[in-house]
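So you can see what is in the structure, the chains are spelled out below.
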Amino acid sequence: MPARTRTPLPCLVPLLLVCTALLALVAYLLGGSPTARAGDERTVTATGDAVGEAPPIACVVIDAGHGGEDGGASSAAGVLEKDLNLSVAFALRDLFEAAGVPVVMTRTEDKLLYDRNLDFQGRKKVLDLAARRLVAEKVAAEVADGGGVCLFISIHMNAFPQPRYSGMQVWYGAAHPLSAEVAGRIQSAAVAIMPDNHRKIKAAGSNIYLLDRIQTPAVLVECGFLSNPEEAERLSQEGYRYAVAAAVFAGVIAVYRTDKPQLR
Ligand SMILES: [Zn+2]
């Protein structure tokens, strides 16, 4: 018998259909540059505020949280946040790249990003976060001249002492006005895969280092709670992680949906 894939086929089929539809939508939305649709007026945002034309996404920096000796949160079954973060980040990367959006990953391996040549004792986490910030700022600087923005998306899993809490929650940085809208659209898109999720987006404080410091549009997606056994089980499934990535992708793309396709 040939080896079977780990993800059951019945689970993949609807996901592939969803992704095909998403890519078709992306092709429709990004077929003309936002500048070409400058006459469109955007009046609705996730936060209810009217904003102008969203600057084009020149690139996306995808940040898989934790890594290496920093496992992040863990489930009762021993699933580590760092591994799930990287898996969702890879799926998200594939979706953006399929849509023609350049992607930079802060990490593609199971490791923290501190410089091993520095005196890192007791400072691994601080140096790691600084390195992630540096990646985002470097890429943003490279695209700034073209008038586009570089969107920073950090992927994490949540945990709480009480196991009853569940659901995706999106945090956003305050430095760029697009951050809140991207966060709101992702939060809305997540309802498609978790209908009972009524969580609201939240502005990050100074305690979320990367969102507090990065000046480009920046969001942090807590994909779900590893402290909730049912949600931890779902997040352990590759197909569900792909659905989570598709929701994040769909939310970002929705920011650029300035008009709706009409059926004739
Ligand atoms: Zn985390």
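Keep in mind it's a predicted model, so treat the numbers as computed, not measured. All chains use their own residue numbering, which begins from 1 and follows the written sequence. Reporting of local features is limited, given that this is a predicted model, to residues whose pLDDT is at least 70; pairs of side-chain atoms are given and counted only at 80 or more, and all residues count toward the totals for whole chains, interfaces and linings.

Considering the sheet that holds strand β2 (residues 103-105)
The strand order across the open sheet built from six strands is β2-β1-β3-β6-β4-β5, with neighbouring strands paired in mixed fashion. Of all the strands in the sheet, the pair left with one neighbour each is β2 and β5 (202-203). The strands touched by helix α3 (residues 124-144) within the sheet are β1 (57-64), β2 and β3 (149-158), with β1 carrying the most contacts at an inclination of about 175°. Helix α4 (residues 178-190) rests against β3, β4 (169-172) and β6 (218-225) of the sheet, and its axis sits at about 175° to β4. When DSSP finds two or more bridges between two strands, those strands count as paired. The way it works is that DSSP assigns letters per residue, a run of H or I at least four long becomes a helix, a run of E at least two long becomes a strand, and they are numbered from the N terminus. A residue pair is marked as a contact if its C-beta atoms, positioned from the backbone, fall within 7 Å. Axes here mean lines fitted to C-alpha atoms, for a helix over just the part in contact, with angles spanning 0 to 180 degrees between N-to-C directions.

Overview of α4
The span one expects for a helix is its residue count, reduced by one, times 1.5 Å. Here α4 spans 18 Å end to end across 13 residues, near enough to the 18 Å set by a 1.5 Å rise per residue. Residue burial here comes from a neighbour count, namely the number of other C-beta atoms, placed from the backbone, that lie within 10 Å of the residue's own C-beta, with 20 or more meaning buried, 12 or fewer meaning exposed, and in between meaning partly exposed. Most of α4 is tucked away: twelve of the 13 residues are buried. Along α4, the positions that sit buried rather than exposed are Leu178, Ser179, Ala180, Glu181, Val182, Ala183, Gly184, Arg185, Ile186, Gln187, Ala189 and Ala190. Here the buried face of α4 lies against β3, β4, β6 and α7 (238-254).

A word on the confidence of the model for the chain
Per-residue confidence for the chain gives a mean pLDDT of 84; residues scoring 70 or more make up 78%. Under a pLDDT of 50 for its full length, residues 2-14 has, in the predicted model, six contacts with residues more than four places off or in other chains. Scored from 0 to 100, pLDDT records how confident the predictor is in each individual residue.

Regarding the nonpolar core
Membership of the largest hydrophobic core comes to 66 residues, with the highest contact counts inside it found for Leu92, Tyr172, Ile186 and Val219. For this core, the element with the most residues is α7, which contributes twelve residues. Once you skip the residues sitting within four places of it in the chain, Leu92 turns out to touch Ile62, Ile153, Ala245, Val248 and Phe249. A set of buried Ala, Val, Leu, Ile, Met, Phe, Trp, Tyr and Cys residues, joined to one another through C-beta atoms within 7 Å, is what we call a nonpolar core.

Here's the deal with the environment of Ser154
Position of Ser154 relative to the elements: it lies in strand β3. Under the C-beta neighbour-count criterion, Ser154 is labelled buried, with 26 such atoms within 10 Å. Each C-alpha atom of the pair Ser154 and Thr106 lies 9.3 Å from the other, and the pair is 48 residues apart in sequence. Each residue touching Ser154, except ones within four places of it in the same chain, is listed here: Asp63, Gly65, Leu210 and Leu220.

Structural notes on the packing of helix α2 (residues 81-98) against α7
Two elements in contact, α2 and α7, have axes whose closest approach is 8 Å; the angle formed by their N-to-C orientations is 50°. Classed by the angle they form, the pair α2 and α7 counts as oblique. The two elements α2 and α7 cross, and the hand of that crossing is right-handed. Residue-level contacts link Leu84, Ser87, Val88, Ala91, Leu92, Leu95 and Phe96 of α2 to Arg241, Tyr242, Val244, Ala245, Ala246, Val248 and Phe249 of α7. Amino acid classes used here: Ala, Val, Leu, Ile, Met, Phe, Trp, Tyr, Cys and Pro are nonpolar; Asp, Glu, Lys and Arg are charged; the rest, including Gly, are polar. Residue classes in the contact of α2 with α7 are distributed as twelve nonpolar, one polar and one charged. Small angles under 35 degrees read as roughly parallel and large ones over 145 as roughly antiparallel, with 65 to 115 read as roughly perpendicular and the rest as oblique. Crossings are sorted by hand: turned counterclockwise from the far helix by less than a right angle, the near helix makes the crossing left-handed, and turned clockwise it makes it right-handed.

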